[in-house]
Amino acid sequence: SRLSALLGPNGRVLIVANRLPVTAKRHPVKKWEYPSSSGGLVSALQGIKDVQMMWVGWPGVSVPNETDQTVITEELFKRRCVPVFLDEELMDQYYSGYCNKILWPLFHYLGLPQEYKINKAKGIKSQFEAYTQANQMFAETVCKIYKEGDIIWCHDYHLMCLPKLLKQYNINMKVGWFLHTPFPSSEMYRALPNRAELLEAVLKADLVGFHAYDYARHFVSACISLLGLEGDLDGIQFDRRIVKVDAFPIGIDAQRFTKALEGPKVKEKITEFKKLFAGRKVILGVDRLDMIKGFLQKLLAFEKFLEKNEELDSGYKVVLLQIAVPTRSDVPEYRKLASQVHELVARVNGRFGTLKATPILHLDQTVDFDSLCALYAITDVALITSLRDGMNLVSYEYVACQESNKGVLILSEFAGAAQSLGAGSIIVNPWDIAEVADAIKRALDMPTEDREKHHRHNYELVSRHTAQDWAENYVCDLYNATSKAPLRAIH
Ligand code: ADQ
């Protein structure tokens, strides 16, 4: 590949992310087992082939015992992973605290929490201090395994201080940072108390990447207005260098899905699910249970659709199948969202259900890969109502599995994916409940010819623009970005 040619036989890509692609999990007999972790980042980076990779990240559990730490480190090393052991207290402050209560909502336009929890336990003064401390631990782990010629790719809002910390250690390291969420408008971002420190730390990277040009543009504006720097989308002048900022929209490994659909296990599931939903149209939702995914808006829109089409109901026989993957349940806001969602599901089912069936089938669980593929393949509509979403890979995966069915994708204009799949989808504003309700009707009524046209557009994009391309483009650009570019004027 292009990448292996550039890096040569000894060059490695070190991927640094909050979570490792495998999780260390306690086991009653074996003591520890190592299942793979799920999520968009892991599936995308699995697409990088022919290049030596190492992962650095949290193993998914706190391990106080040093003997256990040694065992886990050895086992993970065989899987090309290096763990960063963060204790429970630090995880609580850094991950559940600063990352998930402050940066995540702010980057998705939900604003900052009304109350900051200033916890002084165990010498940790603030969640931000825990954040920098955790970043420091990631940096130390990277430095321990770093070899000259390695390329370091830092991921996401958890690790904004990392570029700075790594460059302090060795200015010649090639360091890139990529954000998987949106970067909000600078008017939103400026509310963050540590706004300048985080921007300056990120700007130490050789390449700063986002899913969409809008996010890159917002980042550049924040650097101009909050740090007084000069720059544009060609680069930002900082610290006597030009820092490259660019958009690298992620993709999926579409073949992984199309191949799975041909296998006997998925075929069996398809038959099973088709029987289960016989005579009903199925609208599918697959999301982590997160406020950014617009669960309440989706349910209200579906309720409105049922209300408007009550007389048609016996004709339509529609079911909304929502797979809601539990996530971050240690954060109180997420538990609150779960109960609001349950209440709304119960209301709609109570109102529109019959003895034979209820209109919403809501599951608080993940489904295995085979079932997921089968559900993507047999459903008539996918309904994605994210209030903000960096990209949204579920929409890509749905399209990849719809070659025979040609189902319709209803997609929020606030998902990064709307920029690539817009022309082949029904684009909605998820806040406009009536608009989404109408979109559901339009999707269910769409003539075959239009469905085929829409699907063709989306399928070509999804199958051509792969995760492998995304990773290769990013790492090649990072390789070519020089950290010591001469100072030049930017007009
Ligand atoms: P997420 O917010 O997690 O990702 P998304 O991009 O849709 O959102 O990725 C979710 C992944 O988890 C998909 O690969 C999906 O298949 C998997 N998944 C979801 N539900 C599942 C279930 N029930 N069972 C099994 N697997 C399930 C973040 C950002 C996104 C961005 C990605 C990648 O919020 O905007 O697109 O990172 O950059």
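Everything that follows concerns the structure shown earlier in this document.
Attention in this report is confined to the structure presented alongside it.

The rules behind each value
- Counting restarts for each chain, with residues numbered from 1 along the sequence as it is written.
- Side-chain atom pairs in this predicted model are given and counted only at pLDDT of 80 or more, local residue features only at pLDDT of at least 70, and totals for whole chains, interfaces and linings cover all residues.
- Counting from the N terminus, the helices are the DSSP runs of H or I reaching at least four residues and the strands are the DSSP runs of E reaching at least two.
- Both definitions apply: the radius of gyration is a C-alpha atom measure, and the globule rule equals 2.2 Å times residues to the power 0.38.
- Two strands pair under a simple rule: DSSP has to find at least two bridges between them.
- Every axis corresponds to a line fitted to the C-alpha atoms, with the helix fit spanning only the stretch in contact, and the corresponding angles, defined between N-to-C directions, vary from 0 to 180 degrees.
- Here contacts are defined at the residue level, using C-beta atoms placed from the backbone and a cut-off of 7 Å between them.
- Oblique is the label for any angle not under 35 degrees, not over 145, and not in the 65 to 115 range, which are roughly parallel, roughly antiparallel and roughly perpendicular in turn.
- Note on definitions: a residue is near a molecule or strand provided its C-beta atom, placed from the backbone, lies within 6 Å of it.
- Polar here means any residue outside two lists: the nonpolar Ala, Val, Leu, Ile, Met, Phe, Trp, Tyr, Cys and Pro, and the charged Asp, Glu, Lys and Arg; Gly therefore counts as polar.
- A helix is expected to span 1.5 Å for every residue after the first.
- Two axes are fitted around each residue, one to the seven residues ending there and one to the seven starting there, and the angle between them is reported as the bend at that residue.
- With C-beta atoms placed from the backbone, a residue is labelled by how many other C-beta atoms lie within 10 Å of its own: buried for 20 or more, exposed for 12 or fewer, partly exposed between the two.
- Here a nonpolar core is just a set of buried residues of the types Ala, Val, Leu, Ile, Met, Phe, Trp, Tyr and Cys, joined wherever their C-beta atoms sit within 7 Å.
- Left-handed describes a crossing in which the near helix is turned anticlockwise from the far one by less than a right angle; the clockwise case is right-handed.

### Looking at the overall build of the protein chain
- For the protein chain, the helix and strand inventory stands at 20 helices and 17 strands.
- For 491 residues, the compact-globule formula gives about 23 Å, and the C-alpha radius of gyration of the protein chain, at 23 Å, lands near that figure.
- Taken over the C-alpha atoms alone, the protein chain extends approximately 70 × 60 × 50 Å along its principal axes.

### Here we look at the pairing of strand E11 (residues 241–247)
- With 4 bridges connecting them, strand E8 (residues 207–210) and E11 associate as parallel partners. Residue Gly-209 lies in a different strand from E11, and its bridge partner there is Asp-246.
- The sheet contact formed by strand E10 (residues 235–238) and E11 spans 3 bridges and is antiparallel. Across the sheet, the residue bridging to Phe-238 is Arg-241, located in E11.
- Joining the antiparallel neighbours E10 and E11 is a turn of 2 residues, in which Asp-239 adopts a positive phi near 60 degrees.

### Brief notes about the sheet that holds strand E1 (residues 12–19)
- Spatial strand order, E5-E4-E1-E6-E7-E8-E11-E10-E9: 9 strands in an open sheet with mixed pairing. Edge positions in the open sheet fall to strand E5 (81–83) and strand E9 (230–232), since each of these has one partner strand only. Along the sheet, successive strands turn relative to each other by an average axial angle of 20 degrees, direction set aside.
- Of the strands in this sheet, E8, E9, E10 and E11 are in contact with helix H9 (residues 213–227), which crosses E11 at around 150 degrees.

### Points about the packing of helix H12 (residues 295–308) against helix H14 (residues 332–352)
- One way to put it is that H12 packs onto H14 with a least axis distance of 10 Å and a crossing angle of 10 degrees. Taken together, the axis directions place H12 and H14 in an arrangement best described as roughly parallel. Across from Phe-295, Leu-296, Leu-299, Phe-302, Glu-303 and Leu-306 in H12, the residues of H14 making contact are Leu-337, Gln-340, Val-341, Leu-344, Val-345, Val-348 and Phe-352.

### With respect to the site of the ligand
- Around the ligand, the structure places 22 residues, and the nearest of them are Gly-40, His-180, Gly-390, Met-391 and Leu-393.
- Secondary structure elements with two or more residues in the shell around the ligand: helix H2 (40–45), strand E12 (281–288), strand E13 (318–325) and helix H16 (393–400).
- In terms of residue class, the shell around the ligand is made up of 10 nonpolar, 9 polar and 3 charged.

### Overview of helix H4 (residues 88–107)
- The terminal C-alpha atoms of H4 lie 25 Å apart, and with 20 residues this falls more than 12% below the ideal 28 Å at 1.5 Å per residue.
- The sharpest bend along H4 measures roughly 40 degrees and falls at Cys-99.
- For H4, the full list of buried residues reads Gln-93, Tyr-94, Tyr-95, Gly-97, Tyr-98, Cys-99, Asn-100, Lys-101, Ile-102, Leu-103, Leu-106 and Phe-107.

### Concerning unusual backbone geometry
- Of note in the backbone geometry, Tyr-109 takes a positive phi value of approximately 65 degrees without being a glycine.
- Within the fold, Tyr-109 resides in the loop between H4 and helix H5 (127–145).
- One non-glycine residue with positive phi stands out, namely Arg-240, at about 60 degrees.
- Here Arg-240 falls in the exposed class, since 9 other C-beta atoms lie within 10 Å of it.

### Comments concerning the pairing of E8
- Covered by surrounding structure in E8 are Leu-207 and Gly-209 together with Val-208 and Phe-210, the residues of both alternating faces.
- Bridge count between strand E7 (residues 174–178) and E8: 3 bridges; the pairing is parallel. Note that in E8 the partner of Phe-178 across the bridge is Gly-209.

### Structural notes on the sheet that holds E12
- Read across the sheet, 6 strands follow the order E14-E13-E12-E15-E16-E17 without closing on themselves; strand pairing throughout is parallel. The open sheet is flanked by strand E14 (360–363) and strand E17 (426–428), the only strands paired with a single partner. Looking at each pair of strands side by side, their axes are set apart by 20 degrees on average, direction ignored.
- Here 2 bridges tie E12 to strand E15 (residues 381–384), and the two strands are oriented parallel to one another. Note that in E15 the partner of Leu-284 across the bridge is Ala-382.

### Describing the nonpolar core
- Ranked by size, the top nonpolar core spans 151 residues in total, and within it Val-16, Ile-152, Trp-153, Phe-219, Ile-410 and Ile-440 carry the most contacts.
- Here this core takes 8 residues from H4, the largest share from any one element.

### Thoughts on the packing of helix H11 (residues 264–276) against helix H15 (residues 369–378)
- Two numbers describe how H11 lies on H15: the axes approach to 8 Å, and their chain directions differ by 55 degrees. By the angle between their axes, H11 is oblique relative to H15. In this structure, the crossing between H11 and H15 has a hand that is right-handed. Only Asp-370, Ser-371, Cys-373, Ala-374, Leu-375, Ala-377 and Ile-378 of H15 make contact with H11, whose side of the interface consists of Lys-265, Val-266, Lys-269, Ile-270, Phe-273 and Lys-274.

### Remarks on the environment of Lys-204
- For Lys-204, the location among the structural elements is in the loop between helix H8 (195–202) and E8.
- The class for Lys-204 is buried, based on 23 C-beta atoms found within 10 Å.
- A sequence separation of 37 residues divides Lys-204 from Arg-241, and the C-alpha atoms of the two residues are 9.2 Å apart.

### Some points on helix H3 (residues 66–78)
- The end-to-end C-alpha distance of H3 is 19 Å, a good match for the 18 Å that 13 residues give at a rise of 1.5 Å each.
- Backbone geometry just downstream of H3 places Arg-80 in the positive-phi region, at approximately 60 degrees.

### A few points about the environment of Lys-298
- Take Lys-298: it is sitting in helix H12.
- Residues Lys-298 and Pro-430, 132 residues apart in the sequence, show an inter-C-alpha distance of 7.2 Å.
- If near-sequence neighbours (up to four positions away) are discounted, Lys-298 is found in contact with Gly-285, Leu-383 and Thr-385.

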